[in-house]
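Structural description and commentary
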Amino acid sequence: MQENKIDVLINEMQKLSAAIERIAGPAPAVNDWSQAECFVWAPVSRHLQAVAKPNRIDLTLITGVDHVRDILFDNTLRFAEGYPANNVLLWGARGMGKSSLVKAVHARVARETGAALKLVEVHREDISTLPVLMEILKAAPMPVIVFCDDLSFDHDDTSYKSLKAVLDGGVEGRPANVLLYATSNRRHLLPRNMMENEQSTAINPSEAVEEKVSLSDRFGLWLGFYKCSQDDYLAMIDGYARYYDLSVEREMLHADALEWATTRGSRSGRVAWQFIQDLAGRLRRQLDDPA
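Residues numbered from 1 in each chain as written. Predicted model: local features only at pLDDT ≥ 70, side-chain atom pairs only at ≥ 80, totals over all residues. Heavy atoms only, no water.

The name given to the chain in an unreviewed UniProt entry is ATP-binding protein, with the source organism recorded as Sinorhizobium chiapasense.

Structurally, the position occupied by Ser-266 is in the loop between helix H9 (250-264) and helix H10 (269-282). Owing to a relative accessible area of 34%, Ser-266 belongs among the partly exposed residues under this scheme. Put simply, Ser-266 and Gln-230 are 36 residues apart on the chain and 9.9 Å apart in space, counted from C-alpha to C-alpha. Excluding residues that lie within four positions of it along the chain, Ser-266 makes contacts with Ala-261 and Val-271. (Helix = DSSP H or I, 4+ residues; strand = E, 2+ residues; numbered from the N terminus. Buried < 20%, exposed > 50% of the residue type's maximum accessible area, 1.4 Å probe, protein only. Contact = heavy atoms within 4.5 Å.)

Moving on to the packing of helix H8 (residues 230-243) against H9. Across the interface, H8 lies against H9 with an axial gap of 10 Å and an inter-helix angle of 120°. With respect to each other, H8 and H9 are oriented oblique. For the crossing formed where H8 meets H9, the hand is right-handed. Two secondary-structure elements touch here, H8 through Gln-230, Tyr-233, Leu-234, Ile-237, Asp-238 and Ala-241 and H9 through Arg-250, Leu-253, His-254, Ala-257, Leu-258, Trp-260 and Ala-261. Considering only residue class, the contact of H8 with H9 consists of 9 nonpolar, 2 polar and 2 charged. (Axes fitted to C-alpha atoms, helices over the stretch in contact; angles between N-to-C directions. Parallel < 35°, antiparallel > 145°, perpendicular 65-115°, else oblique. Left-handed = near helix turned anticlockwise from the far one by under 90°. Nonpolar A, V, L, I, M, F, W, Y, C, P; charged D, E, K, R; others polar.)

This part takes up the nonpolar core. By size, the foremost hydrophobic cluster in this structure holds 49 residues, and its most contacted members are Leu-72, Leu-101, Tyr-233 and Phe-275. Excluding its chain neighbours within four sequence positions, the residues that come into contact with Leu-72 are Val-88, Leu-90, Leu-101, Val-102, Val-105, Tyr-181 and Leu-223. Trp-33, Ile-136, Leu-180 and Ala-182 belong to the second-largest nonpolar core, a separate cluster that totals 30 residues. (Core = buried A, V, L, I, M, F, W, Y, C linked by side-chain atoms within 4.5 Å.)

As structure tokens, then:
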């Protein structure tokens, strides 16, 4: 009888333990930095998911933005070498290579310096978990760039406060081995109507606007991207065609590329890449990186 009571007690304790584990959720995953150069932040499991084959292009293929390219490269190079560098906001026209530039610069700097420079992408909806990510990254034995693509905030979205706290660093300060790179179509990250609404309802309108604008001010570097000219667009097409060895007569290549841009109503690096994908498909060619 006594043994039966003990068995029942053990069974109940096991059930209680299982229930507590379900409530607590899964244990934080062990992050292995040696798995890859690029990772994606998964906040639920506090795990950095390794990206075996990052979606990026060679830095030489990004044209028409030479000035900002050189600034970003130099900033990233100094960071990889252990010197002071700034958080960066890349803002401006859609499709002009903002996110491609971040990934390409990271790859080039890591290759040229031999530094174990890592890139961790944070999805827009996970911005509020940045403080948790910082706790993990500050223990990393190498420099880490935290990258958020297409960053912006809508009305009643308060997650921007988490970003401000991380950029400022709070009492502890931002970890010395971490930089933040973000891309956005908006220079101040917040929609104009949101800023105007804050201004119209605030006791002190100027202070309300300053509060919103101060978010982008916390990035030390602002790099602007503008709509490209026809010459820049065709230079992108020529660069892709050379790089992937797509043998098409230049005059015909340009005529087809301009028609492609006209049907989309815009010229940009993204439109140029979409044309090259279509061209390679018609030529039955793979877009593999040259050996």
